[in-house]
Amino acid sequence: MMKNVATKEFNGAVTKWNVLHTRVNNRLKELLIDRGWLLMVVGVLLGRAVILSGISPFAVAFFATVWCIHRKNALKVMFALLIGALSFSLVQSAFVAVSLIVFLMLAAWFHSKENHVKIPLFVFISIVLSRLFLFSIVHPLTSYEWILLFVEGVLGTVLVLIFMQSLPLLSPERFKPTLKNEEIVCMIILISSILTGMIGWTVYGAAVEHVFARYFVLILSFIGGAAIGSTVGVVAGLVLSLANVANMYQMGVLAFSGLLGGLLKEGKKLGVSVGLLIGTLLVGIYGEMGDVLPSIIESSIAIALFMITPASWFRQLARYIPGTTENTKEQEQYLQKIRNVTAKRVEQFSDVFGALSLSFSGPEQDPLDPSEATRETDEFLSRVTEQTCQSCFMKERCWEKEFDTTYTLMEQMKHQMEQQGGLTVARKRTFENHCIRSGKVVDVMQETLLDVNAHKKLKQQVVDSKRLVADQLQGVSEVMDDFAKEIVKEREYHERQEKQIIHAMNQLGIELDKLDIYQLDKGNIDIEMTASFYEYRGEGAKLIAPVLSDILNELVVVKKEELSPFPNGYCALTFGSARQFTLDIGVAHAAKGGGLVSGDSYTMMELGEGKFALAISDGMGNGSRAREESEETLRLLQQILQTGIPEHIAIKSINSILSLRTTEEIFATLDLAIINLHSAAVRFLKIGSTPSFIKRGEEMLNVEASNLPMGMIQEFDVDIVKEQLKAGDYICMMSDGIFDGPTHVSNPDRWVREKIQSIESEDPQAIADVLLEEVIRTRSGEINDDMTVIVAHIKKNTPVWSSIPLPEYEAKPS
């Protein structure tokens, strides 16, 4: 009980601290950034910044940048610059005041609020004119002063461009996920320029600019590593040495300390601090011994500030430095947001196609509905009576006094015409006894019935077309929905398997840099890893894949390898489920008359997810026209199937395209087999094609279906024949040139079965060649039709490397 109370009190205290911390951060952000106080502090320091004993390009350059980017804070910054310059000297304050006035006059004159091209030129002119004015008051300019004047103007122009790159980084509206290298360097130059304004300030003998320079080196080497740390040291040391020649050795201290600190960053704050102390001592030895102790004091103060800096500040800054863990996470979050937005848009398109499919499918009328049949009969008789009974003087007797008799007689006549194509003599006599204009009524009924049947046929065609369009739209909707799910597919968390794999790799002596387990579904494993190899010799297939096979209890193979060209480099390996079965395929074909152009076409294609397709298409006739038709059929088939649309919808779509694109009687057959290499299940779709055969030892299986060739009619149902294959089976698919080719054979089906069964070879290519040769021999060497045969041998996939069992990983008790 006491423990629960203490836990609640502790949680409450943590919550209060987090709320207070958030409020303080928000208040500081409002004061420093939103209200511009940070710009004012920077302005005071840059107003004091002087290099080369008299050059001060920082103030005007900074004001010009604020004028362009933060116009509302320009007045505050101008007063801050004047205060800083006044704290340095009267000459400095006079120069800053005159140069700011000249810049404001030029900016107001040329109205260059948004013109960033003219601003650097205005800064150059402001600095040059201000120096000329001040120098002319004292004495004429010497050659050296002319050179300094020109250098100061050029530096001011360059600094404007640099500050424009770095100042927006302080903006509260900044959302850029990563800083570019140029922006990092510009930010370092801005910080170094600010430090220049601290020259002359000391605390117990320690120079303030040296303390903060080393503090920033510690921060950036800790976050960005040796490259960023040494860059900060070089730039900061260079700018400080320009401000005071006595600071020349600071460049070596800061650069070497940044390099060592970055190399020792794995030791956290302590390692980076040790790097600074070592750099301070090593560089200080080469100078005067009296400078070593103050330098160590400065480094110690910088380390103390570094140690008390909150870790949240480092994490916040690290988000913008390329190569850091925080930046990587930020990038991943950004990419995930893009993926989610894209997936949502694709899902919306999927919903649109699904809605369109529903609108096209719509409610269908049942032709067996009694009310529908009665309604059709009423409409039919109404059309007949308008042309016959309306002008008859017996209308009142037939349709008022004897309505039921008249209606029943005409309804029976209608049904008899529909079923038998005409009326019997007895039916005619019965109707003649009832109607005085029976001949005309019968003629009108026959004509009307022809119109009604034509209308029904057209209506049915429209319904079938709508159904086809609905199926196609639904297929596209399903494909897009699957694509949306694939986009947002994230790495699934498999903690136990991940620990097992890492433990196994450690036992093998393989250094893993990265391991991503995306999926562990049976038959659909997806694992990526990055490992370091001194010299890669196929360890992925020889060691890692067999170990993964043992851990996951499934055959795993290397799907992709990206190898480093350097020794001890990192290699990226992708592993996936191996197929349980493989195919050996043989093809034999011949054109009519031994020609070069055959009307038959065939293809073999991967469909993804372990599916493989074999297809033969026979264009009507022979020659180039038939070849074009069969190739077009297979091209459309391949493109549609590879999108993931179901086979029966794909075939219906191709048939619709072929039947509508031309008025010529050009047709094509299609013999399609889709084999699942994980389960050995096969689906045959035969459109006007000849039977296929499955050879299983001494047993022969027939596969056939009755469908018209593609392009002959616009609508038809696709018969799908399913079979379960076994290892060692042979699939034999052929065009009609092979099946109907043998002459003087009364039963070609039996002849082909016996020929396939009699071939002793296990090579599918040899079987295809022998079968084609036997057919040609029966015709005395003549080839009277295009001939194509495909033979596929189903084999169990045997891995090259067997699984490697390792001692099981035992999780440590928590």
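Residues numbered from 1 in each chain as written. Predicted model: local features only at pLDDT ≥ 70, side-chain atom pairs only at ≥ 80, totals over all residues. Heavy atoms only, no water.

Colleague: How do you make sense of the overall build of the protein when you look at a structure like this?
Modeller: Regarding its fold elements, the protein presents 27 helices and 16 strands. When the 814 residues of the protein are sorted by exposure, 44% land in the buried category. When contacts within the protein are restricted to residue pairs at least 6 apart in sequence, those whose partners lie at least 24 apart make up 69%. Element-wise, carbon and sulfur atoms account for 59% of the exposed surface of the protein, whose accessible area totals about 43,500 Å². (Helix = DSSP H or I, 4+ residues; strand = E, 2+ residues; numbered from the N terminus. Buried < 20%, exposed > 50% of the residue type's maximum accessible area, 1.4 Å probe, protein only. Contact = heavy atoms within 4.5 Å. Areas by Shrake-Rupley, 256 points an atom, 1.4 Å probe, with all protein chains shown as cover.)

Colleague: Where do I start with helix α18 (residues 403–420) in this structure?
Modeller: Along an α-helix, residues three or four apart share an orientation, since each turn contains 3.6 residues. The end-to-end C-alpha distance of α18, which contains 18 residues, comes to 26 Å, matching closely the 26 Å that a straight helix rising 1.5 Å per residue would cover. Of the positions making up α18, those classed as buried are T406, Y407, L409, M410, M413, K414, Q416 and M417. After α18 finishes, the residue G421 shows a positive phi value of roughly 80 degrees. (Expected span 1.5 Å × (residues − 1).)

Colleague: Looking at this structure, how should I read helix α23 (residues 623–641)?
Modeller: With 19 residues, α23 should reach 27 Å at 1.5 Å per residue; the first-to-last C-alpha distance of 27 Å fits that figure. Where α23 is concerned, the buried positions are A626, E629, S630, E632, T633, L634, L636, L637, I640 and L641.

Colleague: What should I look at first to understand the packing of helix α9 (residues 208–224) against helix α10 (residues 226–243) in this one?
Modeller: A pair of packed helices is captured by two measures, namely the crossing angle of their axes and the spacing between those axes. Across the interface, α9 lies against α10 with an axial gap of 7 Å and an inter-helix angle of 160 degrees. On the basis of the axis angle, α9 is roughly antiparallel to α10. Here α9 runs over α10; the crossing is right-handed. Packed against α9, whose contacting residues are E209, A213, F216, V217, L220, S221 and G224, the element α10 presents A226, I228, G229, V232, G233 and L240 at the interface. Looking at the contact of α9 with α10, its residues break down into eight nonpolar, four polar and one charged. (Axes fitted to C-alpha atoms, helices over the stretch in contact; angles between N-to-C directions. Parallel < 35°, antiparallel > 145°, perpendicular 65-115°, else oblique. Left-handed = near helix turned anticlockwise from the far one by under 90°. Nonpolar A, V, L, I, M, F, W, Y, C, P; charged D, E, K, R; others polar.)

Colleague: Explanation requested: the sheet that holds strand β12 (residues 692–696) in the structure shown.
Modeller: Hydrogen bonds between backbone groups are what pair the strands of a sheet, and the pairing can be parallel or antiparallel. The sheet built from five strands is open, its strands ordered β7-β16-β15-β12-β13 with antiparallel pairing. Since the sheet does not close on itself, it has two edges, and those belong to β7 (581–590) and β13 (699–703), each with one partner. Taking the axes of each pair of neighbouring strands and ignoring which way they run, one obtains an average angle of 20 degrees across the sheet. Sheet topology places β12 next to strand β15 (residues 730–734); three bridges connect them, and they run antiparallel. Paired with I694 across the two strands is I731, which belongs to β15. Across the face of the sheet, helix α27 (residues 764–778) comes into contact with β7, β15 and β16 (787–796) while running at roughly 25 degrees to β7. (Pairing = 2+ DSSP bridges.)

Colleague: What's the story with the pattern of salt bridges in this structure? I'm lost.
Modeller: Oppositely charged side chains are able to pair whenever their charged atoms sit close together. A complete count under the given rule lists 14 salt bridges for this structure. E298 is paired through a salt bridge with R214; the nearest N and O atoms lie 3.4 Å apart. Here E298 is found in helix α13 (residues 292–308), whereas its partner R214 is found in helix α9, with 84 residues between them in sequence. Note on accessibility: E298 and R214 belong to one class, buried. Between K795 and D584 there is a salt bridge, with its nearest N and O atoms 2.7 Å apart. Note that K795 is positioned in strand β16 and D584 in strand β7, a separation of 211 residues in sequence. Residue classification places D584 among the partly exposed residues on the basis of a relative accessible area of 30%. Bridged by salt links that share partners, the residues K755, E773, E774 and R777 form one connected network. (Salt bridge = Lys/Arg side-chain N within 4 Å of Asp/Glu carboxyl O.)

Colleague: Help me out: how do you make sense of the packing of aromatic side chains in this one?
Modeller: Enumeration according to the criterion identifies ten aromatic pairs in this entry. Relative to W67, the ring of F63 has its centre 6.2 Å away and its plane inclined at 40 degrees; by these criteria the two rings are tilted. Of this pair, F63 and W67 both sit in helix α3 (residues 58–69), separated by four residues, roughly a single helical turn. A relative accessible area of 1% places F63 in the buried class. Feature note: the residues F63, W67 and F103 constitute an aromatic cluster, connected by ring pairs. (Phe/Tyr/Trp six-rings, centres within 6.5 Å; stacked < 30°, edge-to-face > 60°.)

Colleague: What am I meant to see in the environment of R696 here?
Modeller: Note on placement: R696 falls in strand β12. Spatially, the C-alpha atoms of R696 and I731 are 9.1 Å apart, while their sequence positions differ by 35 residues. The residues contacting R696, other than those within four sequence positions of it, are L701, Q724, L725, K726 and D729. A polar side-chain atom of R696 sits 3.0 Å from the main-chain carbonyl oxygen of Q724. (Polar contact = N/O pair within 3.5 Å; in protein donor to acceptor, adjacent residues only side chain to side chain.)

Colleague: Looking at this model, I keep getting lost on the environment of W37. Mind explaining?
Modeller: Examined against the element boundaries, W37 turns out to sit in helix α2 (residues 37–48). Using a relative accessible area of 47% as the deciding quantity, one classes W37 as partly exposed.

Colleague: Please clarify how the sheet that holds strand β4 (residues 524–533) should be interpreted in this entry.
Modeller: Ordered in space as β3-β4-β6-β5, the four strands form an open sheet in which the pairing is antiparallel. The sheet terminates laterally at β3 (511–521) and β5 (556–562), the two strands that pair on one side only. Each strand of the sheet is rotated relative to its neighbour by a mean of 20 degrees, with strand direction disregarded. Taken together, the nine bridges between β3 and β4 define a ladder with antiparallel strand orientation. Its bridge partner being in β4, K514 is matched across the sheet by T530. Set on the sheet, helix α21 (residues 495–508) makes contact with β3 and β4; between it and β3 the angle comes to about 145 degrees. The strands touched by helix α22 (residues 539–552) are β3, β4, β5 and β6 (569–577); relative to β5, the strand with the most contacts, the crossing angle is about 140 degrees.

Colleague: Would you mind going over unusual backbone geometry with me for this structure?
Modeller: Negative phi values dominate among residues other than glycine, just as trans dominates among peptide bonds. Positive phi outside glycine occurs at K268, with the angle close to 60 degrees. As for its placement among the helices and strands, K268 is situated in helix α12 (residues 268–285). A relative accessible area of 58% means that K268 is categorised as exposed. Unlike most non-glycine residues, N553 shows phi in positive territory, near 55 degrees. In this fold, N553 is placed in the loop between α22 and β5.

Colleague: So what exactly am I meant to see when it comes to the nonpolar core here?
Modeller: Proteins that are soluble and globular tend to have nonpolar side chains buried together. Core analysis: the largest hydrophobic core is formed by 77 residues, its most contacted members being F62, F63, L81, F103, I119 and F163. Setting aside residues no more than four positions away along its own chain, F103 makes contact with F63, A64, W67, I119, F122, V123 and S126. (Core = buried A, V, L, I, M, F, W, Y, C linked by side-chain atoms within 4.5 Å.)

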